Amino acid sequence: MDFEFSEEQRILRESVRKMLDRVAPAEYVRRADVEGRYPEELYQAFIDQGLLRMPFPEQYGGLGGGIMDFVVIAEELGRKSYDFLGAYGTCVFNGLNIAHNASEHQKQYWLPKLLSGEIRMSISMTEPNAGSDAGAMRTVARREGDEWVINGQKVFSTGAGIKNNVINLYAKTDTGVPFQKGTSLFLVDNTTPGVRLRKLDTLGRRALGTYEVFFDNVRIPADRIVGEPNKGWDYMLSGLQLERIMTTAGYAGAAQDALDQALAYAKERQQFGRPIGTFQTIAHTLADLQTEVDAARLLMLRAAWQLAQGQDALMAISQAKLFGSETYVKVANQGMQIMGGYGYIMEFDMQRHFRDARVTTITAGTSQMQRNLIAGRLGLKTK
Ligand SMILES: Cc1cc2nc3c(=O)[nH]c(=O)nc-3n(C[C@H](O)[C@H](O)[C@H](O)COP(=O)(O)OP(=O)(O)OC[C@H]3O[C@@H](n4cnc5c(N)ncnc54)[C@H](O)[C@@H]3O)c2cc1C
């Protein structure tokens, strides 16, 4: 058993951290959050530093890194801002899904565009009546000659409205069979005629933004279907594993940052003539939180390692996702308690963690859905 990252991965982590401190100081993070401003300069730095290319195969313009490199980057981005990780990670996990499932021609066409920054990617699975029950989606794509014609509506499509974005859209292509056999994946430019976007106002994660997307007789060329028709459900499941690993690495980084802030405050803040961190109740809370963040991180690394080895990582990913998100929520909540009234003030960053953390037990599969999956693997039927 080896608990060490490689020398290259240590250098990678250090270089991401330095780049973030240079391009995205605290004031930059605050502005992006308060103004709902997409971190364009940071995205350019991802491109310049080769971070987008890192986990992709070399023949498509990548650097030939793997899942462990991806989680090193994701953890560091999450430490700075969970929302910034979304800007990077959503493009990467959708791109990796294409690398794993698309035709050779599609990989050659789409991946270099993504890795050079010419396009970005978002994912649209969720619909107003199909959240946890994604198979209930009603958006349909019908083949007409050399085109697919798409009608329907998606909701909560994070980053869908960003410039040069290509929506990775899941839609039904055969409504006469179970959803597992009649769903397909399409690549749709967000400027295609008939696509309408509406940005939703959210409590947190405001820089990237999440959107309602309406498809009204949207016509796309036949070759915009990824891989094979009606195989989209399998593609979605494999893509979700990548998404959950990415988000879970981000939770570990974000929770550690929230904890670091609470700890620094507890050492600094004096009440009753002594630092509040010397009150046993606060010291023990911080000790418990650090233990839980470490546990979340280890669960994440185990899941990433299993995925990187090509093992069945489904249960480990769900466990890491469940525990990591709930730990981030807990740390942000307790961090605010430790910071007293100042934790609630917009000038301090704990309130952003509190808002950003709250959605992590909902997105990428709710905590209840992760528990359903884990219980299922334990041989318990939850339906
Ligand atoms: C900020 C944000 C960003 C998002 N980004 C994206 C994105 O980029 N792309 C995308 O496709 N989606 C995205 N989502 C959607 C997200 O994945 C869904 O919100 C999530 O899957 C839950 O679906 P829902 O909100 O419809 O809740 P519902 O499925 O209606 O669930 C409501 C409640 O019921 C519980 N529940 C439902 N079914 C069960 C069950 N079988 N057993 C036990 N409990 C159950 C849930 O756990 C939850 O507590 C995003 C959501 C948010 C808020």
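J.: Provide a residue-level description of the overall build of the chain, including the pertinent values.
T.: The helix and strand tally for the chain stands at 12 helices and nine strands. Computed over C-alpha atoms, the radius of gyration of the chain comes to 21 Å, within 12% of the 21 Å expected from 2.2 N^0.38 for 383 residues, which places it in the range of a compact globule. Principal-axis analysis of the C-alpha atoms places the extent of the chain at approximately 80 × 50 × 45 Å. Counting the 383 residues in the chain, one finds 48% classified as buried. In the chain, 70% of the contacts between residues at least 6 apart in sequence involve partners at least 24 apart.

J.: I'd like to hear about the site of the ligand, residue by residue, with values.
T.: Taken together, 19 residues lie around the ligand, and Gly131, Ser132, Phe156, Thr158 and Thr366 are the ones closest in. Among the secondary structure elements, those contributing two or more residues to the shell around the ligand are strand S1 (120-124), strand S3 (147-158) and helix H12 (367-377). When the residues that make up the shell around the ligand are grouped by side-chain class, the tally is six nonpolar, 12 polar and one charged. The residue makeup of the shell around the ligand includes at least three contributed by each of domain 2 (122-230) and domain 3 (234-377).

J.: Please set out unusual backbone geometry residue by residue, giving values where relevant.
T.: Here Arg205, not a glycine, exhibits a phi torsion of approximately 50°, which is positive. Along the chain, Arg205 turns up in the loop between strand S6 (195-200) and strand S7 (210-221). Positive phi, normally seen in glycine, also occurs at Asn230, with a value near 65°. Inspection of the secondary structure puts Asn230 in the loop between S7 and helix H8 (232-268). Classification of Asn230 as partly exposed rests on a count of 17 C-beta atoms within 10 Å.

J.: Go over the nonpolar core, please, and point to the residues and values.
T.: Phe186, Ile245, Ala255, Met300 and Ala303 are the most contacted members of the largest nonpolar core, which has 105 residues in total. It is H8 that contributes the most residues to this core, 16 residues altogether. Contact partners of Met300, with chain neighbours within four places excluded, come to Val71, Thr248, Ala249, Ala252, Ala320 and Gly324.

J.: Talk me through the packing of helix H10 (residues 314-338) against H12; I want residue IDs and the actual numbers.
T.: Two elements in contact, H10 and H12, have axes whose closest approach is 9 Å; the angle formed by their N-to-C orientations is 145°. Judged by the sense of rotation from one axis to the other, the crossing of H10 with H12 is left-handed. Where H10 approaches H12, its residues Met315, Ser318, Gln319, Lys321, Leu322, Ser325 and Glu326 are matched on the opposing element by Ser367, Gln370, Arg371, Leu373, Ile374 and Arg377. Residues belonging to the contact of H10 with H12 are distributed by class as follows: four nonpolar, five polar and four charged.

J.: Requested: an account of the environment of Ile47, with residues and values cited.
T.: Within the secondary structure, Ile47 is located in helix H3 (residues 40-48). Residues Ile47 and Gly117, 70 residues apart in the sequence, show an inter-C-alpha distance of 6.4 Å. Filtering out sequence-adjacent residues up to four positions away, Ile47 remains in contact with Leu52 and Gly117.

J.: Any details on the pairing of strand S4 (residues 165-172)? Residues and values, ideally.
T.: For S4, the tally of buried residues reaches eight of eight residues, placing the bulk of the element in the interior. Two elements, S1 and S4, share five bridges in a ladder whose sense is parallel. Among the inter-strand pairings, Met121 is bridged to a residue of S4, identified as Val166. Pairing of S4 with strand S5 (residues 183-189), which is carried by seven bridges, proceeds in the antiparallel orientation. Across the sheet, the residue bridging to Leu169 is Phe186, located in S5.

J.: Residues and numbers for the domain arrangement of the chain, please.
T.: What the domain assignment reports for the chain is domain 1 (7-119), domain 2 (122-230) and domain 3 (234-377). Here the C-alpha centroids of domain 1 and domain 2 sit 23 Å apart. Between domain 1 and domain 2, the contact holds 20 residues from the first and 16 residues from the second. Within the residue set of the side of domain 1 that touches domain 2, elements represented by two or more residues are helix H2 (26-35), helix H5 (82-101) and helix H6 (104-115). The dominant element in the side of domain 1 that touches domain 2, judged by the number of residues it contributes, is H5, at eight residues.

J.: Account for H6, naming residues and giving values.
T.: Taking 1.5 Å per residue, 12 residues should reach 16 Å; H6 reaches 16 Å between its end C-alpha atoms and fits that length. Taken residue by residue, H6 has Lys107, Trp110, Leu111, Leu114 and Leu115 as its buried positions. One face of H6 carries all of its buried residues, which in axial projection span an arc of 120°. Here the buried face of H6 lies against H5, S1 and S5. Gly117 sits one or two positions beyond H6 and adopts a positive phi of about 90°.

J.: Summarise the environment of Trp233; cite the residues concerned and give the values.
T.: With respect to the secondary-structure elements, Trp233 resides in helix H8. What makes Trp233 partly exposed here is the crowd of 18 C-beta atoms within 10 Å. Distance from Trp233 to Gln180, taken between C-alpha atoms, is 5.3 Å for residues 53 residues apart in sequence. Each residue touching Trp233, except ones within four places of it in the same chain, is listed here: Phe179, Gln180 and Thr183.

Cut-offs and rules
- Residues numbered from 1 in each chain as written.
- Predicted model: local features only at pLDDT ≥ 70, side-chain atom pairs only at ≥ 80, totals over all residues.
- Helix = DSSP H or I, 4+ residues; strand = E, 2+ residues; numbered from the N terminus.
- Rg over C-alpha atoms; globule rule 2.2 N^0.38 Å.
- Buried ≥ 20, exposed ≤ 12 C-beta atoms within 10 Å, placed from the backbone.
- Contact = placed C-beta atoms within 7 Å.
- Near = placed C-beta within 6 Å.
- Nonpolar A, V, L, I, M, F, W, Y, C, P; charged D, E, K, R; others polar.
- Domains from an automatic or database assignment.
- Core = buried A, V, L, I, M, F, W, Y, C linked by C-beta atoms within 7 Å.
- Axes fitted to C-alpha atoms, helices over the stretch in contact; angles between N-to-C directions.
- Left-handed = near helix turned anticlockwise from the far one by under 90°.
- Pairing = 2+ DSSP bridges.
- Expected span 1.5 Å × (residues − 1).
- Arc of directions from axis to C-beta.

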